[in-house]
Amino acid sequence: QVQLVESGGGLVQAGGSLRLSCAASRRTFGSYVMGWFRQAPGKEREFVAAINWNGDSITYAESVKGRFTISKDNAKDTVYLQMYSLKREDTAIYYCASSPAPRAVDGTSRLYNYWGQGTQVTVSS
């Protein structure tokens, strides 16, 4: 079983930046697709970004392209989400997730079998 622990959330003003981290508990981290999803109050969970095992395949939601960057450090079993130019509509609980399926990099949430507890990101105007 893989345990995922997110950190780095917080309160930031619009236009600011944050970096989220997600630490995995198992050394097989390197073989997994890692993704970030978010859920705003009253809305369904949505895909944000995903990266495959060696980092050569990355996908972003249209709403965050050019503002967010996903990366991973296999030596540290950690995936990151660097967020720039944050907007109020980015306010949500952010979850990282892992999948053994290579095509999960397209953001299909049902392919992700392990999820973290989430970290709150609040963007104020």
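Residues numbered from 1 in each chain as written. Predicted model: local features only at pLDDT ≥ 70, side-chain atom pairs only at ≥ 80, totals over all residues. Heavy atoms only, no water.

Caption draft 1: The state of the cysteines, seen in detail. With the rule as written, the count across this model stands at one disulfide. Covalently, C22 is tied to C96 through a disulfide, its sulfur atoms 1.9 Å apart. Between C22 and C96 the sulfur-sulfur dihedral comes to about 45 degrees; the bridge is accordingly right-handed. Separated by 74 residues along the polypeptide, C22 in strand 3 (residues 18-24) and C96 in strand 9 (residues 92-99) bring together distant segments of the chain. (Disulfide = S-S within 2.5 Å. Helix = DSSP H or I, 4+ residues; strand = E, 2+ residues; numbered from the N terminus.)

Caption draft 2: Just the environment of R67, in detail. Along the polypeptide, R67 turns up in the loop between strand 6 (58-60) and strand 7 (68-73). Taking the C-alpha atoms as reference, R67 lies 24 Å from P102; in sequence the two are 35 residues apart. Once residues within four sequence positions are removed from consideration, R67 is found in contact with Q82, M83, Y84, S85, L86, K87 and D90. A polar contact is formed between the side chain of R67 and the backbone oxygen of S85, at a distance of 3.0 Å. Separated by 2.7 Å, the side chains of R67 and D90 make a polar contact. (Contact = heavy atoms within 4.5 Å. Polar contact = N/O pair within 3.5 Å; in protein donor to acceptor, adjacent residues only side chain to side chain.)

Caption draft 3: Local environment of the nonpolar core. Ranked by internal contacts, the top residues of the largest apolar core, which has 37 residues, are W36, V48, F68, I70, L81, M83 and Y94. Every element with two or more residues in this core is listed here: strand 3, strand 4 (33-39), strand 5 (46-51), strand 7, strand 8 (78-83), strand 9 and strand 11 (119-124). For this core, the leading source of residues is strand 5, giving five residues. Those residues in contact with I70, other than ones at most four positions away along the chain, are M34, W36, A49, A50, I51, I58, Y60, V79, Y80 and L81. (Core = buried A, V, L, I, M, F, W, Y, C linked by side-chain atoms within 4.5 Å. Buried < 20%, exposed > 50% of the residue type's maximum accessible area, 1.4 Å probe, protein only.)

It is worth stressing that arrangement in space is one thing and function is another; only the former is reported here.
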